[in-house]
Amino acid sequence: MAAPAGVDAFLAECTPSGDAAYGAAKAVLERLHAPATRPAARRLLGAVRRRFAASRAAGEECFHTFHFRIHDVVLDPHVQGFQQRKKLTMMEIPSIFIPEDWSFTFYEGLNRHPDSIFRDKTVAELGCGNGWISIALAEKWCPSKILNPNPEAMSKIVTENSSEEFLYSLSNYCALQDQFGLGLIVTSGGRRISVIKPSGIMVFNMGGRPGQGVCERLFRRRGFRITKLWQTKIMQAADTDISALVEIEKNSRHRFEFFMDLVGDQPICARTAWAYLKSGGRISHALSVYSCQLRQPNQNVVVFPSRAVAIENALQLFSPALAIVDEHLTRHLPKQWLTSLAIEGRADYNHADGTVTVIEAPRQSDLLIELIRKLKPQVVVTGMAQFEAITSAAFENLLNVTKDVGSRLFLDISEHLELSSLPSSSGVLKYLAGKTLPSHAAILCFCHFEDAAVYKALSQTIELFEGHTSLISQHYYGCLFHELLAFQIADRHPQQERQPAEVIPQQMIGFSDPAMSTLKAAEFFVPDSTESSIIHMDLDRSFLPVPSAVNASVFESFVRQNITDSETDVHSSIQQLVKDSYGLSADGCSEIIYGNTSLALFNKLVLCCMQEQGTLLFPLGTNGHYVSAAKIEPKVLADTLKNVSRPWVYISGPTINPTGFLYSDNDIQELLSVCAEYGARVVIDTSFSGLEYRTDGWSQWNLEGCLSSLKRSKPSFSVVLLGELSFELTAAGHDFGFVILSDSSLAETFHSFPSLSRPHITLKYTFKKLLGLKNQKDEHFSNLMVEQKEELKNRANHLIKTLESCGWDVAIGCGGISMLAKPTAYIGKPFKADGFEGKLDASNIREAILKATGLCINSSSWTGIPDYCRFSFALESGEFERAMGCIARFKELVLGGSGQAQMNGV
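About the thresholds
Residues numbered from 1 in each chain as written. Predicted model: local features only at pLDDT ≥ 70, side-chain atom pairs only at ≥ 80, totals over all residues. Heavy atoms only, no water. UniProt positions renumbered as here; feature names shortened; annotations may be inferred. Pairing = 2+ DSSP bridges. Helix = DSSP H or I, 4+ residues; strand = E, 2+ residues; numbered from the N terminus. Axes fitted to C-alpha atoms, helices over the stretch in contact; angles between N-to-C directions. Contact = heavy atoms within 4.5 Å. Phe/Tyr/Trp six-rings, centres within 6.5 Å; stacked < 30°, edge-to-face > 60°. Buried < 20%, exposed > 50% of the residue type's maximum accessible area, 1.4 Å probe, protein only. Lys NZ or Arg CZ within 6 Å of the ring centre and 35° of its normal. Salt bridge = Lys/Arg side-chain N within 4 Å of Asp/Glu carboxyl O. Patch = residues over 30% accessible without salt bridge, like charges linked within 9 Å, V, L, I, M, F, W, Y side chains within 5 Å. Areas by Shrake-Rupley, 256 points an atom, 1.4 Å probe, with all protein chains shown as cover. Expected span 1.5 Å × (residues − 1). Parallel < 35°, antiparallel > 145°, perpendicular 65-115°, else oblique. Nonpolar A, V, L, I, M, F, W, Y, C, P; charged D, E, K, R; others polar. Left-handed = near helix turned anticlockwise from the far one by under 90°. Core = buried A, V, L, I, M, F, W, Y, C linked by side-chain atoms within 4.5 Å. Domains from an automatic or database assignment. Disulfide = S-S within 2.5 Å.

Under an unreviewed UniProt entry, the name given to the protein is methionine S-methyltransferase, and the source organism is Miscanthus lutarioriparius. One UniProt comment on the protein, placed under Sequence similarities (unreviewed entry), says "Belongs to the class I-like SAM-binding methyltransferase superfamily." The UniProt entry for the protein carries the following text under Catalytic activity (unreviewed entry): "L-methionine + S-adenosyl-L-methionine = S-methyl-L-methionine + S-adenosyl-L-homocysteine".

Here you go:
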């Protein structure tokens, strides 16, 4: 067959130089992109390929004469079917690092990982040469991202007109290496920790010349767990001078590793290899592919907002009839616990009623031990005197006496833990270095538990009662610990073998029945596993981009010095916010209380309700922390209140979580009128409001006008307004809760539960600035709010379209960051996945989707609404697209058919 016209002309354009070949190839690429010229361009390339495909020699001739070559890389000769490529056809020019033994070995090592490691993950290749490995990975498993070492610097160095000699010189990175040739590996390995996910995997291609021990120690000393995926031998490049390695051996005890030809099994040093090479021999060296992960990416650490919260939550979890607590640690405990004298008759104690009696105790160990022996408490919480904290004797005595009487021990060492370069002696840490902590004991400060059940339960109580730790706190303390610990070399000393813990008889107090029933019914955060990362559509959090105004305010709050009280006083700003947003005047008779999260404040309101022996009423549906869902019908509410004494009514609005429905001004007036008639306390939770994106026909609230117009109300009627500023001010991840109490007696009860974690001064400063922008209707900030609402509206529409096309019936909302949907097409369908097997329903579909795709949603057990699941859609854009792909893929797995349209965002 005759070659198409233009082949000779194309080759003539390529003849002068590699730069000319690059220009000619670029022109053909432009023709390939244009539909009109694409067929002719494909015929041209096909003809060029056939001309030099006769033999390897012909291909080399093309490379030397025309400065390019076209050849195939076989990816997998055993692949069957047409949907997956068996090979890549590449056009290479001299200025690009072309595939050779190093890259082929690297790809073989990557192939030894199971499919689950790469499929649907973000994979970044550092130093990708001509990119064939990135293309192969994307084709076989996943979307790839290609990184060069320094994009900003490279954009200045490499221009469109750079010569091929200059481009080729960039591959000479010897100046960046250390004496072992590992400088780049060391740099990338160290920087990886801050940019990759904790459970992420890093794969390295490493020459074995420094020696296997040196290569592996490089990773281990930086905290990595390594697996050697693949190893082979390759010939030492003829243009590489190894005399420098010979010189290193001469001046040190180190010996490099080479082999005689490819068949040698015993390593030889660089000096012997150099001599053998000079005598006409050929030498090779090992080439290994290592898979690396941080040894402890997710430590089992329970993070409490404060020591007081840790102690109170521990006592609530066990609900002991009697607890002895160090007198220095009782200041923030509920007053009711410290005034009760219900010590007699503890054998008949009802473990389910949650009553806790706390006795204050001296810190000195001999006096404390005497009290423990006499009173036989079920829980002991104590610190240690300074003189007793130096050795482990007092600690061991406490362990023994609490074991003998059947008490659980919580020991606080916060005052004795020094985060410095020269810490003082700690008896507790000495004990832990050599012995395993008994299961009945726990260490507060860094919350160390050997009992996995207690650790898990306490971490779940934090999630239920306090929410997630703020981003500022996470980064702040993360930086502190990094600076204190990063200089240390891991595993420099062998780990001391610890003695096993003594078996404790099963006479210790267990978790209270109410605590157990609550923990079992809730759906908790699912962390990333070592194999994969989770896409979270189950969190009441926004992961949308944070506006620059928020970042600027946060930064300023940290760098400013001598901040005045007026600059952190948000009282008047919150008053203005609730008046503008909800028509409520929080005058001097009302008290505004701040908390780290609105969830922590709600927890205190629940305790107030219990203290008043009230009954807390929720609309149908529960979100796992507290209840909220569909609209309340006034008639249904009235019928319920007729039969309830001391009622409390919870209303989520104007935006109802998690449905996204809206209460209008008329709706809330009708509900408040019913509550006033029956004397109910009303908790209006506005935490999920402020992001309404469909407001046609919706009327904004005027609570003050509503309350003033109520004709009949009992004295016990009052309104509590609960709020969260992060949604209202687009400050995702920076939580700031507040509650407005208009009833003085309720405020007094609220203050009787003092262990409330309050916002740090930096957060107060940040939100004071942001509230000022919103209340003053700053044009730029207002535009940001409009843009974010529009983004949520687009996300909601996209999610609705995807869900409906995949067999879900959607309850379409008008605001917020989540919506409900019913898995109509899936109910009753049999399904089997890794770790799941059974017939699908709205309760178990969460587990099924998670196991099959890595997407986590909330089931109907969480929403409390029969057959309806919750999807939160305020994700980072890439995560949102991945989530849409997971929904489509689950449809394909269960119902069949292709999910490609949904995965492409159609």
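Turning our attention to the sheet that holds strand β18 (residues 647-652). Spatial ordering of the open sheet is given by β16-β21-β20-β19-β18-β17, a layout of six strands whose pairing is mixed. Both outer strands of the open sheet, β16 (591-595) and β17 (615-617), are each paired with one neighbouring strand and no more. Across the sheet, the mean angle from the axis of one strand to that of its neighbour is 20 degrees, orientation sign disregarded. Across five bridges, the pairing between strand β20 (residues 718-724) and strand β21 (residues 737-741) is antiparallel. Bridge pairing in β21 places V720 opposite L741. Helix α24 (residues 571-582) contacts β16, β20 and β21 of the sheet and is inclined by roughly 105 degrees relative to β16.

Aromatic ring pairs are reported here in terms of the distance separating the ring centres and the angle at which the planes meet. Tallied over the full model, the rule gives 18 aromatic pairs. A ring pair is formed by F104 and W132, whose centres lie 5.5 Å apart and whose planes are at 55 degrees; its orientation type is tilted. Taken together, the positions of F104 in helix α5 (residues 101-111) and W132 in helix α7 (residues 132-140) put the pair 28 residues apart, joining distant regions of the chain. Given the relative accessible area of 29%, F104 is considered partly exposed. In this structure, R69 is placed above the aromatic ring of F63, and the distance from its NZ or CZ to the ring centre is 5.6 Å. The ring of F259 has K233 lying over it, and the distance from NZ or CZ to the ring centre is 4.9 Å.

Now for the sheet that holds strand β22 (residues 809-811). Taken in spatial order, the three strands make up an open sheet running β22-β23-β27, and their pairing is antiparallel. What marks the edges here is a single partner per strand, and that holds for β22 and β27 (869-872). Pairwise comparison of adjacent strand axes, ignoring direction, gives a mean angle of 35 degrees for this sheet. In the sheet, β22 pairs with strand β23 (residues 818-822) via three bridges, with the strands oriented antiparallel. Each bridged residue has a counterpart across the sheet, and for D809 the counterpart in β23 is K822.

Time to look at unusual backbone geometry. Backbone torsion omega between G653 and P654 reads 0 degrees, so that peptide bond is classified as cis. By the element assignment, P654 lies in the loop between β18 and α27 (665-678). In this structure, the amide linkage connecting N657 to the following residue, P658, adopts the cis form with an omega of 10 degrees. Structurally, P658 is set in the loop between β18 and α27. Despite not being glycine, D261 shows a phi value in the positive range, around 55 degrees. For D261, the location among the structural elements is in the loop between β7 (259-260) and α13 (270-278). The phi angle at K777 is positive, at roughly 55 degrees, despite the residue not being glycine. Looking at the secondary structure, you find K777 in the loop between α31 (761-775) and α32 (779-805).

Okay, the pattern of salt bridges next. Per the counting criterion, the structure on display carries 20 salt bridges. Here K769 makes a salt bridge to E556, at a shortest N to O gap of 3.6 Å. Taken together, the positions of K769 in helix α31 and E556 in helix α23 (residues 548-559) put the pair 213 residues apart, joining distant regions of the chain. Using a relative accessible area of 36% as the deciding quantity, one classes K769 as partly exposed. Connected through salt bridges with shared partners, the residues E60, R69 and E92 form a single ionic network.

With that settled, consider a nonpolar patch on the surface. A surface patch of nonpolar side chains, amounting to about 610 Å² of accessible area, comprises Y476, Y477, L480, F555, F558 and V559. Where the nonpolar patch is concerned, the elements lending two or more residues are α21 (471-485) and α23. In this fold, L480 is placed in helix α21.

Let's shift gears to helix α3 (residues 38-51). Between its terminal C-alpha atoms α3 stretches 20 Å, which fits the 20 Å expected from 14 residues at 1.5 Å a residue. Where α3 is concerned, the buried positions are A41, L44, G46, A47 and V48. In the core, the buried residues of α3 are packed alongside α1 (7-14), α2 (18-33) and β1 (69-74).

Following both chains from N to C, one finds helix α25 (residues 598-611) and helix α30 (residues 744-751) inclined at 110 degrees, their axes separated by 9 Å at the closest point. Relative to α30, α25 is oriented roughly perpendicular. Only L746, T749 and F750 of α30 make contact with α25, whose side of the interface consists of L601, K604, L605, C608 and Q611. Residue composition of the contact of α25 with α30, by class: five nonpolar, two polar and one charged.

With that settled, the discussion passes to the pairing of strand β13 (residues 441-444). Burial of β13 is two-sided: the residues A441 and I443 facing one way and the residues A442 and L444 facing the other way are all buried. Two elements, strand β12 (residues 408-412) and β13, share four bridges in a ladder whose sense is parallel. Within β13, the position partnered with L411 by the bridge is I443.

With that settled, the discussion passes to the packing of α24 against α31. Here α24 crosses α31 at 35 degrees, and the two axes come no closer than 10 Å. The crossing of α24 and α31 is left-handed. Residues S572, S573, I574, Q576, L577 and D580 of α24 form the contact with α31, whose own contacting residues are K768, L771, K774 and N775.

This next bit is on helix α18 (residues 393-405). Compared with the 18 Å implied by 1.5 Å per residue over 13 residues, the 19 Å span of α18 between its first and last C-alpha is a close match. Of all the residues in α18, the buried ones are A394, F395, L398, L399, V401, T402 and K403. On its buried face, α18 sits against α16 (365-375), β11 (379-382), α17 (386-389), β12, α19 (427-434) and β13. G406 occupies a position one or two residues after α18 and carries a positive phi of about 80 degrees.

Below, the discussion takes up the nonpolar core. Residues M537, L799, W808 and F871 are the most contacted members of the largest nonpolar core, which totals 92 residues. Formed jointly, this core draws a minimum of three residues from each of two domains, domain 5 (535-540 + 784-896) and domain 6 (548-776). Beyond its immediate sequence surroundings of up to four residues, W808 is in contact with L803, A821, K822, P823, Y826, I845, I849, I857, C869, F871 and I887. Ranked by size, the runner-up nonpolar core spans 31 residues in total, among them V309, L317, A323 and I509.

For the coordinates displayed, the defined rule picks out zero disulfides. With no disulfide of its own, C14 lies 7.9 Å from the sulfur of C62, the closest cysteine sulfur. For C14, a relative accessible area of 0% gives the class buried.

On to the environment of A24. With respect to the helices and strands, the residue A24 is situated in helix α2. In sequence terms A24 and C14 are 10 residues apart; their C-alpha atoms lie 6.4 Å from each other. In contact with A24, other than residues within four places in its own chain, are F10, E13 and C14.

To continue, consider the environment of C675. Tracing the backbone through its elements, the reader meets C675 in helix α27. C675 gets classed as buried once you look at its relative accessible area, which sits at 0%. Along the chain, C675 and P634 lie 41 residues apart, while their C-alpha atoms are 9.2 Å from each other. Here C675 is in contact with L637, L641, V649, A680, V682 and F717, once residues within four sequence places are set aside.

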